[in-house]
Amino acid sequence: MGDLFLVRHGETEWSRSGRHTGWTDVPLTEQGREEARRLVPLIRSHLIGAAFVSPLQRARETAELIGIHDARVDADLREWDYGGYEGVTTVEIQRTRPDWFLFTDGVAPGPPQHPGETPEQVGERADRMLAKADAALAGTEGGVVLIAHGHFLRVLTARRLGLPPRHGALFQLATGALGRLGSEHGRPVVAAWNIRPPA
């Protein structure tokens, strides 16, 4: 089993302010672009056989900035659909739901085009993405890079390790950070996590 390299896109105005940014297509800030550029040496130090990227511009721009120009765009890599909580901060949500926690409670319903997802639905998308990544790993000598979004990649990590989607809460992942999922004795492991090169 080859390695999966998980890249969270760089900073956006919404990520900086703590607003839940699901399917709203916001661009990177200049700081976010710099975060992505700092990852280039880490990515280049590994043999990469395939790459997938979320269709949202903040992920696609991050892919370009880290030197991956041939990533396959895959809708399963989109961020969690936050439904009625799109653009809202956790602090604002907890004013009316003091004990609310995304990874166990999910989100409030949104409009028909973005109704929101439960943790289990995000986990199902992660499972589909892992199956595609595994197929790519089987056909290449290098690792596979997934460039996507914080909450989604956290759920994907939990699923890779055989954990329920809610356990994505255990894997904090900063903007412009890299994680590596590998294997030991045939079992999936976290080989490196939340790496942010210094400025």
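Note that the structure is a prediction, hence the values are computed from the model and not measured.

This part takes up the pattern of salt bridges. Pairing of side chains with opposite charge becomes possible as their charged atoms draw close. Scanning all chains against the criterion turns up 15 salt bridges. Arginine 38 is the salt-bridge partner of glutamate 34, the closest N and O atoms lying 3.8 Å from each other. Of the two residues, glutamate 34 and arginine 38 are both situated in helix α2 (residues 30-38); the distance of four residues between them amounts to about one turn of the helix. Its salt-bridge partner being aspartate 76, residue lysine 132 comes within 2.7 Å of it at the nearest N-O pair.

Looking now at the packing of aromatic side chains. Summed over all chains, the structure comprises four aromatic pairs. Centroid distance phenylalanine 101 to phenylalanine 103: 5.8 Å. Interplanar angle 50°. Geometry classified as tilted. Taking the relative accessible area as the measure of exposure, phenylalanine 103 reaches 4% and is therefore buried. On the basis of an interplanar angle of 65° and a centroid distance of 5.8 Å, the ring pair of phenylalanine 171 and tryptophan 193 is categorised as edge-to-face. With a gap of 22 residues between them, phenylalanine 171 in the loop between α8 (150-160) and β5 (178-184) and tryptophan 193 in strand β6 (residues 187-195) connect regions that are remote in the sequence. Positioned over the ring face of tryptophan 14 is arginine 19, at 3.9 Å from the centre of the ring. The ring of tryptophan 23 has arginine 78 lying over it, and the distance from NZ or CZ to the ring centre is 4.5 Å.

Among the secondary structure elements, proline 198 is positioned in the segment after β6. Sequence-wise, proline 198 and leucine 39 are 159 residues apart; in three dimensions their C-alpha atoms are separated by 9.7 Å.

About the cut-offs
Residues numbered from 1 in each chain as written. Predicted model: local features only at pLDDT ≥ 70, side-chain atom pairs only at ≥ 80, totals over all residues. Heavy atoms only, no water. Salt bridge = Lys/Arg side-chain N within 4 Å of Asp/Glu carboxyl O. Helix = DSSP H or I, 4+ residues; strand = E, 2+ residues; numbered from the N terminus. Phe/Tyr/Trp six-rings, centres within 6.5 Å; stacked < 30°, edge-to-face > 60°. Buried < 20%, exposed > 50% of the residue type's maximum accessible area, 1.4 Å probe, protein only. Lys NZ or Arg CZ within 6 Å of the ring centre and 35° of its normal.

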